[in-house]
Amino acid sequence: MARILIVEDDIDFREHLTALIRARGHEVEIAADGEEALLRLHVGEPPSLILLDLMMPEMDGWTFRARMLQEPKLASIPIAVLSGVGSVGNEAEKLHIDHYLGKPVDLQALYRLIERYA
Amino acid sequence: MTPRRFAQMTALAVTYVIVARAGLLFDAESGFATLVWPPTGIAIAVLLIAGRWMWPAILIGAFAANVWTGAPIAVASGIAIGNTLEAVIAVSILQRWPRFESALVDVHSVGGLVTAAIVATTTSATIGVTSLFAGGVIASPHLVETWRAWWVGDLLGALVVAPLILTWRAGSPARSLRSLEALAAGVLLIATSWLVFGPTLAPVGPFQQLYAVIPILTWMAIRFGPRGAATATFVVAVIAIAATSFSVGPFARETLRGGLMALQVYVAFIAATFIVVAALASERARAARDAEQRRRELETALQSMQVAREHAEHASGVKTDFLRLVSHELRTPLATLLLQVERLKLEPDADADHRKLVTNMHAQGQRLHHLIDGLLDFARIQSGRLELHVESADPSRVVNDCADELRPLAEANQLGLDLDLDTTAAPARFATDQRLLRLVVINLAHNALKFTPKGKVTIMLAGDARELRITVRDTGRGIPLADQQRVFEPFELLDPVRNKHVPGVGLGLALVHAIVTALGGTISLESIVDQGSSFTVTLPSGNDG
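Every chain begins its residue count from 1, and numbering advances along the sequence as written. As they are written, the chains are lettered A onward and the ligands numbered 1 onward, keeping that order. Since the coordinates come from a predicted model, pLDDT governs what is reported: local features require at least 70, and pairs of side-chain atoms require 80 or more to be given and counted, while whole-chain, interface and lining totals use all residues.

**So, the overall build of chain A**
Move 1: On a plain count of helices and strands, chain A comes out with 6 helices and 5 strands.
Move 2: Reading the secondary structure of chain A in the N-to-C direction produces β-α-β-α-β-α-α-β-α-β-α.
Move 3: With C-beta atoms placed from the backbone, a residue counts as buried when 20 or more other C-beta atoms lie within 10 Å of its own, as exposed when 12 or fewer do, and as partly exposed for counts between those limits. Looking at chain A residue by residue over its 118 residues, the buried ones come to 43%. Only DSSP runs of H or I with at least four residues qualify as helices, and only runs of E with at least two residues qualify as strands; both kinds are numbered from the N terminus onward.

Shown next, in the form of structure tokens:
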């Protein structure tokens, strides 16, 4: 079982994604933007994997990742970009993130990724 | 002549007469060659400022002053002509002196004034003394000292009085902060001059030296420029001449003219030296101001360049951002929709109809997904903004994934979808942009499934260490030879009447062609009408990423 933190501003999208991941027996937590995600990461156990949207109001994904990398404790948490931006692979590379998924999500690829960190 | 000009000329003539008469009182050599001759400076300055047309005023003034002093009409006429020529020659030289500035703020202009003064006063002294000699006023033994006195008096007028008028008229910006300093310098200069040139104080102090005024003159020349130097020199000259005329001070001699001769040579050196020092100081100040102004101009230019650059960057950024925004805004709701479809698939109590609907929804959603991706990629390629994300990819995996995704469509169209993977020679991994490669294979296979009424679609993979070939073959209607070149053009739907039941925007093959090109590969087509088509994408495989 993996603990997934979804950082995503779109309520519907994250609701359905949460339901699908939970249906496979994983735990899911939600943060509506980077600020919330940072608050969450500063308390309790770190998640197994963060699924990070990039285009969000308030603190966006790029800023969140920059802030994460400034804190050694957070920097090592596994993370995947999950975004509808055009060249999501390049954005992930710029953010020093190994995994990326576009929107719409290739669910099989997402499940495979989650299993790696379960 | 306008009344205004007449008044100006009258004023100049009257002034000339008065000042000349005053000058002639200073024990003039032979009665006419005085060592104190401010009219020369006044005449040069006024003609330079007002214009050479004022010359008759000089002629009349000089004539009147000399007649008043007792010169015969003919002699006075000669002297007057000499004095008039003096001013006209000096002004002519200065007006032809390149870049002459009457404010005397640079050494070059000072050089002009000194040159003009020497040439003009030599002319005047020669004509004046010749007139006196010709008129029988002086005898030949006195020719030399008369000429010398005449010349020195005129030269001093040109070097002391003309700069005084010119620099004050030029008007430099009032510097209120300096007025106190100017007052202090003035007081000190007058006091020192009095100590140096005035009545000898007992005991004779170390201050009673001709050099004592030099530091003060230097100070004024540097701090107050040409005007300061001209004024200070004038003040020193006036005090020294006054003292000497009362037979006191270091220049007191048996005769006034003897004392004045020694004094005026001293004043000439002072005047020439400090007018140059002041010009140098002005040049330095001006250079500093110019440098500062240039620095500001550069700074402004730099700032405007920065703003322009930022603006340009912003403008180009807007385009990228627009595509990025469209991409995000189109994909997000579709992504949510497809997640909902996935959730419907999980419904345990669904019957067969329900499942079929969900499968269809999923297939249509995926189609829309690829269409959006394709349009966005096409827009990026068209605007030269396609960013490749090259990474190590497994070609078999890509082909398999594409086939998995298209299987529902194949089943719906009752077509076979076969894979023919020849991996013996083809590399297991190679460097490419996986997403774009998937888009190519999906588009080709999707087209094949669309245009094949019955039979099957086969996706083949083959290659070697040099290249990788992915072929999509169908058993469809085929493409006539005449149309084969057109299929890769955007928005080119072949035979729209016959194919009207086949949905599509006609972007598929144009996009495929553009992407394959961007990936460094080529695409070829073999087709026979009513037998089928075969698209082959060839990509370099040498680099395994």
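**A few points about the overall build of chain B**
Move 1: Each helix and strand counted, chain B has 13 helices and 7 strands in total.
Move 2: Buried residues in chain B amount to 39% of all 545 residues.
Move 3: Any pair of residues counts as being in contact when their C-beta atoms, constructed from backbone geometry, are within 7 Å of one another. Sequence separation of at least 24 residues holds for 74% of the intrachain contacts in chain B that already meet a minimum separation of 6.

**Focus on the nonpolar core**
Residues and elements named next belong to chain B.
Move 1: In these notes, a nonpolar core means any group of buried Ala, Val, Leu, Ile, Met, Phe, Trp, Tyr and Cys residues linked to one another through C-beta atoms within 7 Å. The biggest cluster of nonpolar side chains holds 96 residues, and the ones touching the most others in it are Tyr16, Ile44, Ala229 and Ala240.
Move 2: Split by domain, the residues of this core number at least three in each of domain 1 (1–166) and domain 2 (178–306).
Move 3: Every residue in contact with isoleucine 44, bar those within four places of it in the chain, is listed here: Ala87, Ala90, Val91, Ala158 and Ala162.
Move 4: If you look at the next biggest cluster of nonpolar residues, it comprises 39 residues, including Val399, Leu406, Leu409 and Val457. Domain start and end points were adopted from an automatic or database domain assignment.

**Observations concerning the sheet that holds strand E4 (residues 456–463) of chain B**
Residue and element names in this part refer to chain B.
Move 1: If you walk across this open sheet you meet the 5 strands as E2-E4-E5-E7-E6, and the pairing is mixed. Whereas interior strands pair on both sides, the edge strands pair on one side only; in this sheet they are strand E2 (416–421) and strand E6 (522–528). Across the sheet, the mean angle separating the axes of adjacent strands is 15° when strand polarity is ignored.
Move 2: Strand pairing follows a simple DSSP-based rule, namely that at least 2 bridges must link the two strands. Bridge count between E4 and strand E5 (residues 467–474): 7 bridges; the pairing is antiparallel. Each residue of the ladder has a partner; that of isoleucine 459, found in E5, is valine 472. The axes are straight lines fitted to the C-alpha atoms, using for helices just the contacting stretch, and the angles between their N-to-C directions are given from 0 to 180°.

**So, the pairing of strand E1 (residues 3–7) of chain A**
Residue and element names in this part refer to chain A.
Move 1: The element E1 is extensively covered by neighbouring structure, given that 4 of its 5 residues are classed as buried.
Move 2: Two strands pair when backbone bridges link them, and E1 and strand E2 (residues 27–31) are joined in this way by 5 bridges, in the parallel orientation. Within the sheet, the bridge partner assigned to valine 7 lies in E2 and is alanine 31.
Move 3: Assessed by its sense of winding, the connection that carries the chain from E1 through helix H1 (residues 11–23) to E2 is right-handed. Here, the term right-handed applies to a crossover whose path from the first strand over the helix to the second runs clockwise when the strands point away from the viewer.

**Quick look at the interface of chain A and chain B**
Move 1: Contacts between the two partners involve 19 residues from chain A, matched on the other side by 21 residues from chain B.
Move 2: For the side of chain A that touches chain B, the secondary-structure elements that each account for two or more residues are H1 and helix H5 (88–94) of chain A.
Move 3: Here the side of chain A that touches chain B gets 7 residues from one element, more than from any other, and that element is H1 of chain A.
Move 4: Tallied by class, residues from the side of chain A that touches chain B come to 10 nonpolar, 6 polar and 3 charged. As a working rule, the residues Ala, Val, Leu, Ile, Met, Phe, Trp, Tyr, Cys and Pro are called nonpolar, Asp, Glu, Lys and Arg charged, and the rest polar, with Gly in that last group.

**Things to note about the sheet that holds strand E4 (residues 79–83) of chain A**
Residues and elements named next belong to chain A.
Move 1: Pairing is parallel across the open sheet formed by 5 strands, whose spatial order is E2-E1-E3-E4-E5. Single-partner strands in this sheet number two, and they are E2 and strand E5 (99–102). Strand-to-strand twist of the sheet, defined as the mean angle between neighbouring strand axes without regard to direction, takes the value 20°.
Move 2: Of the strands in this sheet, E1, strand E3 (49–52) and E4 are in contact with helix H3 (residues 61–70), which crosses E3 at around 150°.

**Considering helix H13 (residues 508–518) of chain B**
Residues separated by three or four positions in an α-helix point in the same direction, a consequence of the helix having 3.6 residues per turn.
Move 1: With 9 of 11 residues buried, H13 of chain B is to be regarded as a mostly interior element.
Move 2: Taken as a whole, H13 of chain B has its buried residues at Gly508, Leu509, Ala510, Leu511, Val512, His513, Ala514, Ile515 and Val516 of chain B.

**A look at helix H3 (residues 55–69) of chain B**
All names here are of chain B.
Move 1: With 15 residues, H3 should cover 21 Å at 1.5 Å per step; its first-to-last C-alpha distance of 21 Å lies within 8% of that length.
Move 2: If you check which residues of H3 are buried, you get Ala57, Ile58, Gly61, Ala62, Phe63, Ala65 and Asn66.
Move 3: In the stretch just after H3, glycine 70 is the one whose phi turns positive, near 110°. Given a helix with a known number of residues, its expected span is that number minus one, times 1.5 Å.

**Observations regarding the packing of helix H10 (residues 352–382) of chain B against helix H11 (residues 395–412) of chain B**
Residues and elements named next belong to chain B.
Move 1: Two elements in contact, H10 and H11, have axes separated by 10 Å at closest approach and are oriented at 120°. Overall, the two elements H10 and H11 adopt an arrangement that is oblique. You can see that H10 and H11 cross each other, and the crossing is left-handed. Mapping the contact onto sequence places Thr359, Ala363 and Gln366 in H10 and Glu405, Pro408, Leu409 and Ala412 in H11. Here the angle decides the label: under 35 degrees means roughly parallel, over 145 means roughly antiparallel, 65 to 115 means roughly perpendicular, and every other value means oblique. We call a crossing left-handed when the near helix sits turned anticlockwise from the far one by less than a right angle, and right-handed when that turn is clockwise.

**With respect to unusual backbone geometry**
Apart from glycine, the bulk of residues carry a negative phi angle, and the bulk of peptide bonds sit in the trans form.
Move 1: In this chain, lysine 103 of chain A is followed by proline 104 of chain A through a cis amide linkage whose omega measures -5°.
Move 2: Within the secondary structure layout, proline 104 of chain A lies in the loop between E5 and helix H6 (107–116).
Move 3: One non-glycine residue, glutamine 414 of chain B, lies in the positive phi region at around 55°.
Move 4: The backbone phi angle of aspartate 530 of chain B is positive, close to 70°, even though this residue is not glycine.
Move 5: Residue position: aspartate 530 of chain B is located in the loop between E6 and strand E7 (532–540).
Move 6: Using a count of 8 C-beta atoms within 10 Å as the deciding quantity, one classes aspartate 530 of chain B as exposed.

**Topic: the packing of H3 of chain B against helix H4 (residues 73–96) of chain B**
All names here are of chain B.
Move 1: Between H3 and H4, the shortest axis-to-axis distance is 8 Å and the interhelical angle comes to 145°. Helix-helix and strand crossings are classified by hand; for H3 and H4 the assignment is right-handed. For the pair H3 and H4, the contacting residues are Trp55, Ile58, Leu59, Ala62, Phe63, Asn66 and Val67 in the first and Ile73, Ala76, Ser77, Ile79, Ala80, Asn83, Thr84, Ala87 and Val88 in the second.
Move 2: For the contact of H3 with H4, a count of residues per class yields 12 nonpolar, 4 polar and no charged.

**Description of the confidence of the model for chain B**
Move 1: Mean pLDDT for chain B: 85, with 91% of residues reaching 70 or above.
Move 2: The secondary-structure element of chain B with the lowest mean pLDDT is helix H9 (residues 256–345) of chain B, recorded at 82, while H4 of chain B shows the highest, at 94. Each residue gets a pLDDT score, which is the predictor's confidence in that residue and runs from 0 to 100.

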